[in-house]
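# A look at the structure
Below are the chains, spelled out letter by letter.
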Amino acid sequence: MATASGAFKSREDHRKQIELEEARKAGLAPAEVDEDGKEINPHIPQYMSSAPWYLKAERPSLKHQRKWKSDPNYTKSWYDRGAKIFQADKYRKGACENCGAMTHNAKYCMERPRMIGAKWTNMHIAPDEKIETFELDYDGKRDRWNGFDPAAYVRVIERYEARNEARKKYQKEQQLKKLEEKNNKQNGEGDISEDDEEEDALKVDEAKVDESKQMDFAKVEKRVRTTGGGSTGTVRNLRIREDIAKYLLNLDVNSAYYDPKTRSMREDPLPNADPNEKFYAGDNQYRMSGQALEFKQLDIHAWKSFEKGEDVHMQAAPSQAELLFRTFKVKTENKKAEKKMTLMEKYGNAASGEEPPRELLLGQSECQVEYDRAGRLIKGLETSLPKSRYEEDVYINNHTSVWGSWWKDHQWGYKCCKQTIRNSYCTGSAGIEAAEAAADLMKANISRKAASEDAETSAPSEEKRLATWGTDIPDDLVLDQKKLGEALKKEDERKKEEKDERKRKYNVSWNDEVTPEEMEAYRVKKMHHDDPMKDFLH
């Protein structure tokens, strides 16, 4: 541990100091002692053990870590309320003009303003109050109960006990009065209503109650005008001390896990026990059965409805969520029933008692049929081919074949007229000839168009005479002088428009095809910045 002195140490002394600190930490050397003779923990870091330079500590100490500043005269006492120190007989100079006390003036007087103050009447002089000043500490300034007298609360307790005794006395008088009235009315008659019998039984039970014997289980608590809005009645604590805790049902370490924070055990602690004798089979038994499962489905339905845009919240409006869930279940059942009826009407019900015809089962019968060598029927009835439930060989719209009897270019159609449009009217052989003629005409048009396109591509196209770009001008370049003059005029107009921004138009047409004459006009009119005579050109 570094000492408090900041004197210079050589390398050898510094090494010895480090070895001494390591020995102290290992317990091989005695701990360092401060000014008061107390041992200093060698594991305290240096930034805590070293004292600041301005304290000028000569020996190692931990006083700078303690409260070394002197405390002011803090107190936790409070004002002596209503205390008086002196009672004067006559008015004194500088006293209150209203009451005559020396501890305040007329502006801060708390007595009723007199018609004629004590300064002029010199009578009924008020005593001087006890003036105290305290210098409170941090906690004393913020203590809300500072100066509270616990004896003042005795009055509240006495008032409550007196009111409670009066209420009990009144209730007892009322009960005695009702019993006297009942005895006077009945006089030995046995017609007692059920309500009266229950009241009598309740009074007998309450009279026999002994809290010392019944402990917590048989404790009867009477609720009268409860804050929760409950009516008068009895509440019995159903928790008995004979119940075995969940975690004590099976002491095996590898048995069901018990969460002490939530007091839950989801798995069955005794899976091999007789179900009829088991009192507890895990929390999952209650979660996956009864109303818990219905509540889970209700919660899931509320989430899904909220995701789809419905204004449903299980916690904010549980009644609304439950009503919507019931409506949803009714609609779902109705849709299932409608779908089932539709399928039964269309395909029939195989589970019903109606047996299909025997000739449709396997397409055979026990009747004997004989044929000759040519396959002609000699004896018996010819076997009828089994037919399906759907209509067969039904021709519509004058067709002589059914739909799907013809196939071409990945399309089904009618074989009689070769049409691919379903429910169309049959056109017969004339329609087939017209379709073939239309197809031949289309092929001829396609071939003619292809031939014309080939002719256009094979013909030499007239090359456009465009400008030559760059600084090098070919020697064989021939320019039209007339077009060159027009190009020079256009270049002058363009430069004038560039100088005068007001003549610039909004809609500017753009053409990227530049002729050699326009390029030559641009070269002629272009200003060369390295030309010494450029200032004399324009």
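Residues numbered from 1 in each chain as written. Predicted model: local features only at pLDDT ≥ 70, side-chain atom pairs only at ≥ 80, totals over all residues. Heavy atoms only, no water.

### Here's the deal with the overall build of the protein chain
Scanning the protein chain from N- to C-terminus turns up 13 helices and eight strands. By the burial criterion, 15% of the 538 residues in the protein chain qualify as buried. Relative to all contacts within the protein chain whose residues are 6 or more apart in sequence, the contacts with residues 24 or more apart total 39%. Here the protein chain displays about 47500 Å² of accessible surface, and carbon together with sulfur accounts for 52% of that area. (Helix = DSSP H or I, 4+ residues; strand = E, 2+ residues; numbered from the N terminus. Buried < 20%, exposed > 50% of the residue type's maximum accessible area, 1.4 Å probe, protein only. Contact = heavy atoms within 4.5 Å. Areas by Shrake-Rupley, 256 points an atom, 1.4 Å probe, with all protein chains shown as cover.)

### Let's talk about the packing of aromatic side chains
Within the structure shown, the criterion is met by eight aromatic pairs. When the ring of Tyr247 is compared with that of Tyr258, the centres are 5.1 Å apart and the planes differ by 55 degrees; the resulting orientation is tilted. A residue pair is termed long-range when its members are at least 10 positions apart, and Tyr247 in the loop between β4 (233–236) and α8 (283–287) and Tyr258 in the loop between β4 and α8 qualify at eleven residues. Owing to a relative accessible area of 45%, Tyr247 belongs among the partly exposed residues under this scheme. The cationic tip of Arg142 hangs over the ring face of Tyr138; the distance from NZ or CZ to the ring centre is 3.7 Å. (Phe/Tyr/Trp six-rings, centres within 6.5 Å; stacked < 30°, edge-to-face > 60°. Lys NZ or Arg CZ within 6 Å of the ring centre and 35° of its normal.)

### Quick word on the pattern of salt bridges
This structure, assessed with the given rule, holds 14 salt bridges. Its salt-bridge partner being Arg114, residue Glu111 comes within 3.4 Å of it at the nearest N-O pair. Overall, Glu111 belongs to the partly exposed group, its relative accessible area being 37%. Between Asp372 and Arg376 there is a salt bridge; the shortest N-O distance is 3.1 Å. Owing to a relative accessible area of 56%, Arg376 belongs among the exposed residues under this scheme. If you follow the salt bridges from partner to partner, you end up with Glu12, Arg15 and Glu19 in one network. (Salt bridge = Lys/Arg side-chain N within 4 Å of Asp/Glu carboxyl O.)

### Here we look at a positive patch on the surface
A contiguous patch of positive charge, built from Arg155, Arg159, Arg163, Arg167 and Lys168, is present on the exposed surface. Relative to the assigned elements, Arg155 resides in helix α5 (residues 154–186). (Patch = residues over 30% accessible without salt bridge, like charges linked within 9 Å, V, L, I, M, F, W, Y side chains within 5 Å. Lys, Arg positive; Asp, Glu negative; His and termini not counted. Charge placed at Lys NZ, Arg CZ, Asp CG, Glu CD.)

### Some remarks on the nonpolar core
Core analysis: the largest hydrophobic core is formed by six residues, namely Leu298, Ala302, Val312, Met314, Ala321 and Phe325. Within the residue set of this core, elements represented by two or more residues are α9 (291–307) and α10 (318–347). (Core = buried A, V, L, I, M, F, W, Y, C linked by side-chain atoms within 4.5 Å.)

### What to know about the environment of Thr515
With respect to the helices and strands, Thr515 occurs in the loop between α12 (481–499) and α13 (516–525). With 36 residues separating them in the primary sequence, Thr515 and Leu479 have C-alpha atoms 9.8 Å apart.

### A closer look at the packing of α9 against α10
Running from amino to carboxyl end, α9 crosses α10 at an angle of 95 degrees, the nearest separation of the two axes being 10 Å. Our classification of the angle between α9 and α10 gives roughly perpendicular. Note on element contacts: α10 touches α9 through Ala321, Glu322, Leu324, Phe325 and Phe328, opposite Gln297, Leu298 and His301. Of the residues assigned to the contact of α9 with α10, the class counts are five nonpolar, two polar and one charged. (Axes fitted to C-alpha atoms, helices over the stretch in contact; angles between N-to-C directions. Parallel < 35°, antiparallel > 145°, perpendicular 65-115°, else oblique. Nonpolar A, V, L, I, M, F, W, Y, C, P; charged D, E, K, R; others polar.)

### Quick word on a nonpolar patch on the surface
Where nonpolar side chains cluster on the molecular surface, the patch consists of Trp145, Phe148, Tyr153, Val156 and Ile157 and spans about 510 Å² of accessible area. You can see Tyr153 is positioned in the loop between α4 (138–142) and α5. Note on Tyr153: relative accessible area 47%, which makes it partly exposed.

### Re the side chain of Asn98
With respect to the helices and strands, the residue Asn98 is situated in the loop between β1 (84–86) and α3 (118–121). A distance of 2.9 Å separates a polar atom in the side chain of Asn98 from the backbone nitrogen of Arg114. Asn98 has contacts with Cys109, Glu111, Arg112, Pro113, Arg114, Gly117 and Ala118, leaving out every residue within four places of it along the chain. (Polar contact = N/O pair within 3.5 Å; in protein donor to acceptor, adjacent residues only side chain to side chain.)

### Side note on unusual backbone geometry
The backbone phi angle of His124 is positive, close to 50 degrees, even though this residue is not glycine. One non-glycine residue, Asn423, lies in the positive phi region at around 60 degrees. By relative accessible area, Asn423 is classed as exposed at 54%.

### Overview of the confidence of the model for the protein chain
With 76% of its residues at a pLDDT of at least 70, the protein chain reaches an overall mean of 79. In this model residues 201–220 is a low-confidence stretch, pLDDT under 50, and it forms 20 contacts with partners more than four residues away in sequence or in other chains. Contacts of residues 223–233 to residues separated by more than four positions or lying in other chains number eight contacts, the stretch itself having pLDDT below 50. (pLDDT = per-residue confidence, 0-100.)

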